[in-house]
Amino acid sequence: MDTPRLHRAESEVAELLSDLIRIDTTNTGDTSTSAGERAAAEWVAGKLDEVGISSVIHESERGRASLVARIPGADRSRPALLVHGHLDVVPADPAEWSVHPFSGEERDGYIWGRGAVDMKDMDAMVLALARDWARTGVQPPRDIVLAYVADEEAGGKLGAHFLVDEHPDLFEGCTEAISEVGGFSITVRDDLRLYLVQTAEKGLAWMRLTAAGKPGHGSMLHDDNAVTRLCEAVARVGAHRFPLTLTPPMRSFIEAVEDAYGVEIDPAEPEVALARLGSISRMIGAALRNTANPTMLDAGYKANVIPGTASATVDGRFLYGQEEEFERQLAALIGEGVQREWLVHDQAVETTFDGPLVDSMVAALRAEDGGARPVPFTMSGGTDAKSFQTLGMRCFGFSPLRLPPELDFASLFHGIDERVPVESLQFGIRVLDRFLRHS
């Protein structure tokens, strides 16, 4: 083991995460009601400045701030590696939580609060490690670019997309990137854990469906009702089970599950066998097909008035290579008389599970956990990789956490009582240190 010097990083990561959670960075999707991203970026800048790491902050709109710093590597002729994380979080209702969602409370070996797993845990681990390197004189083998960005939870237009479009020079030389939702463990047995490394993520297609009809009095017979037309379309979309599509990462993942659990998985119905993975199977199952889930409805202004229009918001996600097919599927489901408008539309991302960077991930995980078996997978949601991939980077989800077998990790993303074990954070620091020093 060559990690005793990391004791300071391991000891301060929980405090850094708690402090960052206490900065309420709720992203409502509207700048006028969102908060905290500027304060969080300045806090990160201050923590980096304490150890001599300079950074720059750019705002896309007032308060929508992102920070970028570059740690010079020993060989500056080599391509650089981007390590990116987002500072914003989704809203949280304190009445639903066991602790206040912005308390950053440490309890029962966990740090609790909104953002604890999505994704201020990774933000804090990287910050603690960078501070440790600066204090102890560690220099990575190549340039490491750190990015703490705004607006990921609303599609990244005011965060990563803004930086890529307006300040691409900040990422000069970056050919690879790592970020959230990957590198976490699923316990198979005491001596075997699968570590899921994200090599792909679904495309984002948030849409508004709008139906028009003839307005009128609610007491009369009415065969041209916008609400009825909309609800029929929304019901068709929400109830539809899109066809199974096995992409290369998910084929590899299923093969790994077959081998780890000693089972044969029916390729026509893989979800049946994948259910043994517990709650994470919901995330995995969504990566086997396109999805579209209605999330919001808006119609009418009085009980006895039939409105002229009605609208719904649908969260659509499509697999890599499935964008055109997904749009055809949607059109057939929505039918006539309902208009579709894209609210946020962004690409799917996929890379291969090979190469020196992947080799370094695998080696770092196995050095800290002898029972580790890293495997690729497709993430059902989206990350800022969608933006950074446009600059030619290979993007991975690698935020390493060795998790307790009993923890329902999948439910914590945007969930109630979001929390992360302190021991998992410390494990992540050790893995990231090994990985970044040998990449």
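To be clear, the structure that these remarks concern was listed above.
Keep in mind that this is a model prediction, so the values were computed, not measured.

Cut-offs used in this document
- Residues numbered from 1 in each chain as written.
- Predicted model: local features only at pLDDT ≥ 70, side-chain atom pairs only at ≥ 80, totals over all residues.
- Heavy atoms only, no water.
- Helix = DSSP H or I, 4+ residues; strand = E, 2+ residues; numbered from the N terminus.
- Rg over C-alpha atoms; globule rule 2.2 N^0.38 Å.
- Buried < 20%, exposed > 50% of the residue type's maximum accessible area, 1.4 Å probe, protein only.
- Contact = heavy atoms within 4.5 Å.
- Areas by Shrake-Rupley, 256 points an atom, 1.4 Å probe, with all protein chains shown as cover.
- Expected span 1.5 Å × (residues − 1).
- Pairing = 2+ DSSP bridges.
- Axes fitted to C-alpha atoms, helices over the stretch in contact; angles between N-to-C directions.
- Parallel < 35°, antiparallel > 145°, perpendicular 65-115°, else oblique.
- Left-handed = near helix turned anticlockwise from the far one by under 90°.
- Nonpolar A, V, L, I, M, F, W, Y, C, P; charged D, E, K, R; others polar.
- Core = buried A, V, L, I, M, F, W, Y, C linked by side-chain atoms within 4.5 Å.
- Salt bridge = Lys/Arg side-chain N within 4 Å of Asp/Glu carboxyl O.

**Q** What should I look at first to understand the overall build of the protein in this one?
**A** The helix and strand inventory of the protein stands at twelve helices and 19 strands. Radius of gyration (C-alpha) of the protein: 23 Å, near the 22 Å computed for a compact globule of 439 residues. C-alpha extents for the protein along the principal axes are approximately 80 × 55 × 45 Å. When burial is assessed residue by residue, the protein has 56% of its 439 residues classed as buried. Considering only contacts within the protein whose residues lie at least 6 apart along the sequence, 79% involve residues at least 24 apart. For the protein, the accessible area works out to roughly 18000 Å², and carbon and sulfur atoms hold 48% of it.

**Q** Help me understand unusual backbone geometry, please; the structure alone is not making it clear to me.
**A** Working note: non-glycine residues mostly have negative phi, and peptide bonds are mostly trans. Cis geometry is found at the peptide bond from Asp118 to Met119, where omega equals -15°. By the secondary structure assignment, Met119 is in the loop between strand S5 (110–112) and helix H3 (120–136). Unusually for a residue other than glycine, Asp151 sits at a positive phi of about 70°. If you trace the backbone, Asp151 turns up in the loop between strand S6 (144–149) and helix H4 (160–166). In the Ramachandran plot, Val181 falls in the positive-phi region, its phi being about 55° despite a non-glycine side chain. Tracing the sequence through the fold places Val181 in the loop between strand S7 (174–179) and strand S8 (184–189).

**Q** Teacher, can you tell me more about helix H2 (residues 37–49) here?
**A** Relative to the 18 Å expected for 13 residues at 1.5 Å per residue, H2 spans 18 Å between its end C-alpha atoms, a close match to the ideal helical length. Along H2, the residues that are buried comprise Glu37, Ala40, Ala41, Trp43, Val44, Ala45, Lys47 and Leu48.

**Q** Help me understand the sheet that holds strand S19 (residues 419–421), please; the structure alone is not making it clear to me.
**A** By definition, the strands of a sheet pair up through backbone hydrogen bonds, in either a parallel or an antiparallel sense. Across the sheet, three strands lie side by side as S4-S5-S19; this open sheet has antiparallel pairing. What marks the edges here is a single partner per strand, and that holds for strand S4 (106–107) and S19. As judged from the two bridges shared by S4 and S5, these two strands associate in the antiparallel manner. Pairing of Arg107 across the sheet is with Tyr110, part of S5.

**Q** Please explain the side chain of Ser18 as it appears in this structure.
**A** Looking at the element boundaries, Ser18 is found in helix H1 (residues 7–22). By relative accessible area, which is 6% here, Ser18 ends up buried. Other than its neighbours up to four places away in sequence, Ser18 contacts Gly104 and Ile111.

**Q** Looking at this model, I keep getting lost on the packing of H1 against helix H12 (residues 422–437). Mind explaining?
**A** Any two packed helices are characterised by how steeply their axes cross, that is the angle between the axes, and by the distance between the axes. At their nearest, the axes of H1 and H12 sit 9 Å apart, and the two run at 125° to each other. Judged by the angle between their axes, H1 and H12 are oblique. For the element pair H1 and H12, the recorded crossing hand is right-handed. On H12, the residues touching Ala9, Glu10, Val13, Ala14 and Leu17 of H1 are Val422, Leu425, Gln426, Ile429 and Arg430. Residue composition of the contact of H1 with H12, by class: seven nonpolar, one polar and two charged.

**Q** Mind showing me how you'd approach the nonpolar core here?
**A** As a rule of thumb, soluble globular proteins bury nonpolar side chains together. With 100 residues, the main nonpolar core has Phe253 and Phe377 as its most contacted residues. With nine residues, the top contributor of residues to this core is H3. Counting 21 residues, the second-largest nonpolar core is a separate cluster that includes Ala205, Leu230, Ala310 and Val338.

**Q** I tried to follow the pairing of strand S2 (residues 65–71) on my own but got confused; where do I start?
**A** Every other side chain in a regular strand lies on the same face of the sheet, so the side chains alternate between the two faces. Of all seven residues in S2, six are buried, a share of seventy percent or more. Where strand S1 (residues 56–59) and S2 come together, four bridges link them in antiparallel fashion. Paired with Val56 across the strands is Val68, a residue of S2. Between the antiparallel neighbours S1 and S2 lie five residues, among them Gly63 with a positive phi of about 90°.

**Q** How should I be thinking about the packing of H2 against H3 in this particular structure?
**A** The interhelical angle for the contact between H2 and H3, taken along N-to-C directions, is 20°, at an axis separation of 9 Å. In terms of orientation, H2 lies roughly parallel with respect to H3. On H3, the residues touching Trp43, Val44, Lys47 and Leu48 of H2 are Leu127, Ala130 and Arg131. Grouping the amino acids of the contact of H2 with H3 by side-chain chemistry returns five nonpolar, no polar and two charged.

**Q** Where do I start with the pattern of salt bridges in this structure?
**A** Working definition: two side chains of opposite charge can pair if their charged atoms are close together. Enumeration over the complete set of coordinates arrives at 30 salt bridges. Of the charged contacts, one joins Asp224 and Arg229 as a salt bridge, the two residues approaching to 2.9 Å between their closest N and O atoms. Here Asp224 falls in the partly exposed class, since its relative accessible area comes to 26%. Taken together, the salt bridges that share partners define one network made up of Glu10, Glu368, Arg430 and Arg434.

**Q** Help me understand the sheet that holds strand S14 (residues 309–318) in this model?
**A** One open sheet holds the four strands; their spatial order is S12-S14-S10-S15, and the pairing between them is antiparallel. The open sheet is flanked by strand S12 (291–299) and strand S15 (338–346), the only strands paired with a single partner. Averaged over all neighbouring strand pairs, the angle between strand axes comes to 20°, with direction disregarded. Pairing of S12 with S14, which is carried by eight bridges, proceeds in the antiparallel orientation. Bridge assignment links Thr291 to a residue of S14, and that residue is Arg317. Helix H5 (residues 226–239) contacts strand S10 (203–212), S12, S14 and S15 of the sheet and is inclined by roughly 15° relative to S14. Packing of helix H9 (residues 323–334) onto the sheet brings it into contact with S10, S12, S14 and S15, and relative to S15 it is tilted by some 155°.

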